[in-house]
Amino acid sequence: MLLNDYLQATFGCKVYKLSLSARVTCPNRDGTLGTGGCIFCSAGGSGEFAACADRSVPEQIAQAKARVAAKVPGEAKYIAYFQSYTNTYGDPIYLERIFREAMEPEEVVALSVGTRPDCLPEGILNMLERLNRIMPVWVELGLQTIHERSAEYIRRGYELPVYDEAVRELHKRGISVITHLILGLPGETHEDMKASLQHVVDVGSDGVKLQLLHVLKDTDLADEYAAGRVSVMSMEEYIDLLCELAPLIPHEMVIHRLTGDGDKKLLIAPMWSADKKRVLNEVKRKVLPLLL
Ligand code: SF4
């Protein structure tokens with residue numbers, strides 16, 4: 001099921017995401033696990049669209065709402081989305097305070113928290129469970145791949161069982177899980193990517209985000225690409241791959257994304273992905289009819 005259909009069915013209206021910053025970092029950047037971050041991760045911590053990070057959460061919400069309203073006037077509901085860096089990596093008291101601030105406005109109907117599965121200690125899980133009693137809480141986990149050789153290459157910094165355990169713990173507390181996968185990681189075949197998606201389905205992830213591998217400026221992946229060690233998919237290849245993956249996704253799993261969402265200002269490759277209209281047309285024409 002596509003996200004928009006799910007939101008319409010659940011909340012009865014159009015719902016938009018407000019990208020917010022929790023002003024946290026990531027263990028893959030602050031030296032705990034590493035300092036370079038994942039090989040594809042931009043300086044913005046994979047969240048270029050967050051509202052101005054030096055503002056308070058209520059100010060960020062006002063700013064992000066104004067941005068949405070400029071594009072789509074009229075009444076709307078919102079999901080408070082903490083996207084950049086690792087939004088459960090910090091003091092649980094501080095995090096609970098800012099998450100509650102984000103949930104405060106009447107028109108906010110859900111909280112979405114992007115994080116790593118190795119950053120969900122008991123105290124954080126319990127805090128998310130408390131918040132989930134107020135409104136739906138979604139936790140977005142950056143798995144990217146189930147294959148350890150790829151995980152090492154991208155410097156993900158945790159092994160697959162850590163993800164499996166995180167999904168179990170979140171589900172135990174009634175919290176929805178959205179899993180991010182990257183399609184087109186170096187050396188991965190279509191069968192490898194199908195296996196990653198199948199695993200995410202098998203563990204019962206409630207949603208999935210499929211993201212085309214993007215090469216962004218000022219990342220180590222950009223150096224790999226410049227050195228000719230990494231290639232990117234053509235649009236035709238990507239659409240063909242999505243056609244193979246679509247029938248694996250059960251109807252009840254919410255599809256949050258089928259394309260990339262890289263910042264155009266940072267995008268090095270593949271440039272075709274910046275032409276969203278063309279990509280979405282192809283997705284609509286060839287991929288959507290194959291969804292269950
Ligand atoms: S875990 Fe997320 S924020 Fe941290 S380096 Fe990787 S992609 Fe970037």
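Above this text is the structure in question.
Residues numbered from 1 in each chain as written. Predicted model: local features only at pLDDT ≥ 70, side-chain atom pairs only at ≥ 80, totals over all residues.

Enquirer: Would you take a moment to explain the overall build of the protein chain for this structure?
Expert: Counting its regular elements, the protein chain contains ten helices and nine strands. Dimensions of the protein chain, computed from C-alpha atoms along their principal axes, come out at roughly 45 × 45 × 35 Å. Put simply, the protein chain has 292 residues, and 39% of those count as buried. Long-range pairs, those at least 24 residues apart, make up 84% of the contacts in the protein chain between residues at least 6 apart in sequence. (Helix = DSSP H or I, 4+ residues; strand = E, 2+ residues; numbered from the N terminus. Buried ≥ 20, exposed ≤ 12 C-beta atoms within 10 Å, placed from the backbone. Contact = placed C-beta atoms within 7 Å.)

Enquirer: I'm lost on the nonpolar core in this one. Help?
Expert: Generally speaking, a soluble globular protein has its nonpolar side chains buried in company with each other. Residues L20 and V139 are the most contacted members of the largest nonpolar core, which totals 72 residues. In this view, V139 contacts V113, T115, L128, L170, I175 and V177; residues no more than four positions away in its chain are not counted. (Core = buried A, V, L, I, M, F, W, Y, C linked by C-beta atoms within 7 Å.)

Enquirer: Looking at this structure, how should I read the environment of L128?
Expert: Considering the arrangement of structural elements, one finds L128 in helix α4 (residues 122–132). Taking C-alpha positions, L128 is 9.1 Å from W138, a pair spaced ten residues apart along the chain. If sequence neighbours within four positions are ignored, L128 has contacts with V137, V139, R173 and I175.

Enquirer: Would you take a moment to explain the packing of helix α2 (residues 57–71) against helix α3 (residues 92–103) for this structure?
Expert: Each pair of packed helices can be summarised by the angle the axes make with each other and by the distance between the axes. Running from N to C, α2 and α3 cross one another at 35°; their axes reach a closest spacing of 9 Å. Considering how the two elements wind past one another, α2 and α3 form a crossing that is right-handed. When α2 is examined against α3, the residues V57, P58 and I61 are found in contact with a partner set consisting of I98, E101 and A102. Here the contact of α2 with α3 is built from residues that sort into five nonpolar, no polar and one charged. (Axes fitted to C-alpha atoms, helices over the stretch in contact; angles between N-to-C directions. Left-handed = near helix turned anticlockwise from the far one by under 90°. Nonpolar A, V, L, I, M, F, W, Y, C, P; charged D, E, K, R; others polar.)

Enquirer: What am I meant to see in unusual backbone geometry here?
Expert: Glycine aside, residues mostly have negative phi angles, and peptide bonds mostly take the trans form. A cis amide bond links A269 with the next residue in sequence, P270, at an omega value of -5°. Mapped onto the elements of the fold, P270 is located in the loop between β9 (267–269) and α10 (276–287). Phi at Y85 takes a positive value of approximately 60°, unusual for a residue other than glycine. With respect to the helices and strands, the residue Y85 is situated in the loop between β2 (77–82) and α3. Positive phi, normally seen in glycine, also occurs at Q144, with a value near 75°. Take Q144: it is sitting in strand β4 (residues 137–144).

The values reported here are purely geometric and, on their own, carry no functional implication.
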